[in-house]
There are 2 protein chains.
Amino acid sequence: MTVDITPTSEIFLQKYKPLIDKYNADKVSQMKSYNPEFYSKCASVIPSDAELDSQSIDPKAFLAELLTDSELKIVNDYTIEDLLSKQVDGSLTAVEIANAYIKSAIIAQLATNCIMQFLISYALEKAAKLDTYLKENGKLVGPMHGIPISLKEHLSFKGEVTHASYVSLLDSISSKHALTVEIFDQQGALYHVRTAQPQTIMHLDTWNMITGRTRNPRSTKLSPGGSSGGESATVGMHGSIMGVGTDIGGSIRCPAAFAGIYGMRPTTKRVSLLNSTPGFGGQESIVPTIGPLARSIEELDYFMEHYINDGKPWESDPTSVPVLWRKVELPTKIKIGVLYTDNLVTPYPSIFRGMRTVVDELKKHSDTFEIVDLTPHWFSEQEMLEIYTTNLVLYTIDGNKGQLSLVEKSGEPILPLTQHFFKFGGGEALSAYQNRQHNEIRDDNQLKIFEEFFKKASSSLGLDFILSPTNVAPAEVPAESFYWGYTSFWNLFDYPNVIFPSGVTHDVELDSGVDEKNLLSNEYEKKVWFKDDGSLRYDAAQFVNAPVGLQLTGKRFDDESVVAAVKKITKVLNVGRQ
Amino acid sequence: MTVDITPTSEIFLQKYKPLIDKYNADKVSQMKSYNPEFYSKCASVIPSDAELDSQSIDPKAFLAELLTDSELKIVNDYTIEDLLSKQVDGSLTAVEIANAYIKSAIIAQLATNCIMQFLISYALEKAAKLDTYLKENGKLVGPMHGIPISLKEHLSFKGEVTHASYVSLLDSISSKHALTVEIFDQQGALYHVRTAQPQTIMHLDTWNMITGRTRNPRSTKLSPGGSSGGESATVGMHGSIMGVGTDIGGSIRCPAAFAGIYGMRPTTKRVSLLNSTPGFGGQESIVPTIGPLARSIEELDYFMEHYINDGKPWESDPTSVPVLWRKVELPTKIKIGVLYTDNLVTPYPSIFRGMRTVVDELKKHSDTFEIVDLTPHWFSEQEMLEIYTTNLVLYTIDGNKGQLSLVEKSGEPILPLTQHFFKFGGGEALSAYQNRQHNEIRDDNQLKIFEEFFKKASSSLGLDFILSPTNVAPAEVPAESFYWGYTSFWNLFDYPNVIFPSGVTHDVELDSGVDEKNLLSNEYEKKVWFKDDGSLRYDAAQFVNAPVGLQLTGKRFDDESVVAAVKKITKVLNVGRQ
């Protein structure tokens, strides 16, 4: 896709363009000076940007070409538990772990453009300190000792610029860590990279005016999803073992699905947002969350358990809810409602195939899983239209004042998906009273979902979980993530979700058939399936190697059970660590 | 105080006045037909409305005159635990308990006009069923078996009119119980009365156009507080053993203090609001809470423990947070910050005296309590002005559209304190964006309070609790509750509070001295201390027998510790069950 985003504003060219150049030069300089020889080798092996952007290249293949065997073991094979035990038994140091992951992150950056900022010296110094501590004290600093965790850039990082992809914030230096950064820092995490997010952090894609577009770690011409697409590309490329993302409309979940990894949107208020985003406070109609992207469900569980139970965010943040991460027991028979389509926008064929494959497999284990088809019970197209409109209106109900002022300050060009977002639900500034009316629609439906689907009562289906697509596409074409409904629905109602790989990958042959007669006529369906000229947008050939990631949803504050259920499901599917 | 609230609207006189008359006639008819002889005796003993309204009568004295010794034991002496154990051992039946409390509620109504609606047959039938159940099963139905709990009227009650003091809702019948009503119902509670609240439920007084004004249970010419003033008068008069109130600005706490009893505003989302208020959903800037009014701190604790741990509201309400009511251990030395004045409005002399008396007593137990004077650390007058303005603006930021439409529908006259409320913070309808800006001021200060006062860190005072006045006056003159700041401050920031009697009562001699020179010049101080003509409003003679109730505040979601601390404090003060 070609979009003219040539900057023309005077202030941008004169004041901000030099700041962008300086910011990006630092990135290149860090990579080069870390290991000039390694960097040259990477540059010679990894194709040009133009090639990566236009072809369906699997960039993970570069790892084997560029890393040593011992480095490959570290970034490919060792789980968090392995890394911890090997540090304890002396067979691995934090410095060795840091070096391996810095190298894989450089490869990830050159192949997918996923890194916003490197923290190479910071990580190496911390690693050395951790090694000394372990030597002197005979024990680990904490549960994340020497574990390389990537951070979405908008989480404030003490002493560094935090711009949240706003060009106008390129000179804004954070005075302290975001609380979540602080918590894992105390637990011994190695921070070596901060990752890319889109302009305004409100695309389900990752494209901004500072570092450009991020690529998918399974197929470089596709989108890694967004807004935590820098995270999904980094984790998907084994550039970190785990990442910290944020989600207000699908921003952890789409990227996790698009990269074929695991991701979680916890119930709000369990993971602290303190100091995590510059500006934009006071919005509480759809509350953002912080959550993990990981390569295995066990590591995702590890993230949540230690963040909450050891990190105790409520001891620093009065908005955090003190609900510990509990050991849960699932029912002997797990009742799962299956939603193939949300009745508003029909998913692409590979998503249907992924859903069917998983359901067929679960049905073979009828001693463990009871499957209920949700279709006859779900909201109608008309009801979904009201819900999705409310969803969109609530995103833009301030008339986008916060975002606009930051974008306009630098004169940065407004990207197409930013324009798309600004017009959500009309994009008009509404009154506090109208905000309440939309909140009421939200609350009524949140209760309806609980009473009809989840409540343990005879009047309800009494489901334990809902299985649904994460997105209409397995991974989107860049700048074409238009419909947020499969994920934003759950932000609106704040039920927790985990994304997991289905084991199914898009297949150009199998997934090419489209019966246009069965498509709906609402505007969202049209936008997803057809171009503005009326021709079919969907083209099976585009999605080579795109993974189908599915979404499991549970009851509010019962995040632990969703994680536990995904462990059981992925075991049955034989989908393990990625 | 005389106010002209003569209704003139056609629709009011023609359509609604008859509904009001019918509603009130039912109340009288229930009282009379329950026991005509008892009712006549009450009517002859209890003075006329005019006398009660104009004199400082202590109406609790009527109980001894009108009840039998065994009834007096039930309503005066027996705690919840006593009532339960006596039912188990057969020395008391639920029907006997119900009859005693129905009688005391009739006395309470005739003396203080605290009852909105009687549920006499309902309570007697339920009591008979409970007795049968106990006989047949040899065990209690639940922790509230045969316990007479009063309900603030706006909590929906299945099959009954729920009007929330709006004349226009006098024909609105609830299709189900509020969840909180349902929870205690399942646990065996006896509901015999629904209690009065003010017009729009937004006064710190209790006066509406359906049942008129409610009187204070310690001095009939004073206000019982509001908006749960029907509750404080009922519980204060021993018309119920415990009551369910609601609080969005002080509505449990002021009434509890004014009546000399205990009250709690829990952290939001711990007690469910489901089906509790008609209309007005979607407002989340200052979230209301449901909480108990009780005669002892132990019974208040009992309410919270069994509501949360046995009621598990999150199994029915997805907005409820699943934090169990925990057994807490207080620090060996309890650190209490003491705030004599909020730096915006100076309390009346008896409040100062109450604070000093309590602090002096606590200081005598320096092994248990460490007292910190908060004055040098508290917000300045200027900062408090910003906070209180935000507080008020957030109450009325929808331009009072919800309330106005319901008031205008019936043409009911708008009472002076409703007018006062409508003009809070200017009373203009603002935008969603402005709402967010005010939310940000709220959130910044919520964090500041945590970081400066409560956080366990060297940069903080590291307090366990804050002790402060509940109100500027020990109990207000009717229709003169103008300043909400001592309580609404904590609604804005959502820290939990318990109100307890200090043991100090207003004393006309001791509390008469006022040094006008020391008063501040801001508009709120002026309104509280001076009449519109500039003469001093404060008159010590008005407050005969008014009790000084104080407010203890703790950390969010640490409600249990606040209750535990009040147990320790009131033990030291030798203030027990009221």
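Everything quoted here is computed from the prediction, not taken from an experiment.

Colleague: I would appreciate a short explanation of the UniProt feature "binding site: substrate" (unreviewed entry) in chain A in the present structure.
Modeller: All names here are of chain A. The feature "binding site: substrate" (unreviewed entry), as given by UniProt, occupies Ile201, Ser227, Ile248, Gly249, Gly250 and Ser251 in the numbering adopted here. These annotated residues cover 51 residues of sequence, but their C-alpha atoms sit close together, with the largest distance between any two at 11.2 Å. For Gly249, a relative accessible area of 1% translates into the label buried. In contact with Gly249, other than residues within four places in its own chain, are Leu204, Tyr395, Trp484, Thr487, Ser488 and Asn491. Following the sequence through the fold, Gly250 ends up in the loop between strand 6 (242-247) and helix 11 (253-259). Relative accessible area serves as the criterion here: at 0%, Gly250 is assigned to the buried category. In this structure Gly250 touches Leu204, Gly226, Pro255, Thr487 and Asn491, once residues within four positions along its chain are discounted.

Colleague: Could you clarify how one ought to interpret the environment of His238(A) in this entry?
Modeller: Residues and elements named next belong to chain A. Turning to its location among the elements, His238 is positioned in the loop between helix 10 (229-236) and strand 6. What makes His238 buried here is its relative accessible area of 5%. C-alpha of His238 to C-alpha of Asn522: the two residues are 284 residues apart in sequence and 40 Å apart in space. The residues touching His238, leaving out its near neighbours within four places in the chain, are Lys60, Leu63, Val75, Asn76, Tyr101, Ser104, Arg295 and Gln578.

Colleague: Can you walk me through the domain arrangement of chain A in this structure?
Modeller: All names here are of chain A. Taken domain by domain, chain A holds domain 1 (21-315) and domain 2 (334-573). Computed over C-alpha atoms, the centres of domain 1 and domain 2 are 25 Å apart. Tallying the contact residues gives 51 residues for domain 1 and 63 residues for domain 2. Overall, the association of domain 1 and domain 2 removes approximately 4800 Å² of surface from exposure, summing both partners, and the carbon and sulfur fraction of that is 60%. A per-residue breakdown of the area domain 1 buries against domain 2 is headed by Met202, Arg253 and Ile286, which together make up 13% of the total. Where domain 1 packs against domain 2, one counts four salt bridges. Put simply, Lys567 and Asp301 hold a salt bridge, and the shortest N to O gap is 2.5 Å.

Colleague: What exactly am I supposed to notice about the interface of chain A and chain B here?
Modeller: Contact residues are listed per partner, giving 40 residues for chain A and 40 residues for chain B. Carbon and sulfur atoms make up 57% of the surface buried where chain A meets chain B, a total of about 3300 Å² over both sides. When the buried surface of chain A facing chain B is broken down by residue, Glu284(A), Pro318(A) and Arg436(A) rank first, second and third, together holding 22% of it. Scanning the region where chain A abuts chain B turns up four salt bridges. Put simply, Asp398(A) and Arg436(B) hold a salt bridge, and the shortest N to O gap is 3.0 Å. Put simply, chain A and chain B have 12 residue pairs in polar contact (both at pLDDT 80 or more) between them. When residues of the side of chain A that touches chain B are traced back to their parent elements, those giving at least two are helix 14 (381-396), helix 15 (401-410) and helix 17 (432-454) of chain A. With 11 residues, helix 17 of chain A is the largest single contributor of residues to the side of chain A that touches chain B.

Reading the values: the criteria
Residues numbered from 1 in each chain as written. Chains lettered and ligands numbered in written order. Predicted model: local features only at pLDDT ≥ 70, side-chain atom pairs only at ≥ 80, totals over all residues. Heavy atoms only, no water. UniProt positions renumbered as here; feature names shortened; annotations may be inferred. Buried < 20%, exposed > 50% of the residue type's maximum accessible area, 1.4 Å probe, protein only. Contact = heavy atoms within 4.5 Å. Helix = DSSP H or I, 4+ residues; strand = E, 2+ residues; numbered from the N terminus. Domains from an automatic or database assignment. Buried area = accessible area lost by both parts, 1.4 Å probe. Salt bridge = Lys/Arg side-chain N within 4 Å of Asp/Glu carboxyl O. Polar contact = N/O pair within 3.5 Å; in protein donor to acceptor, adjacent residues only side chain to side chain.

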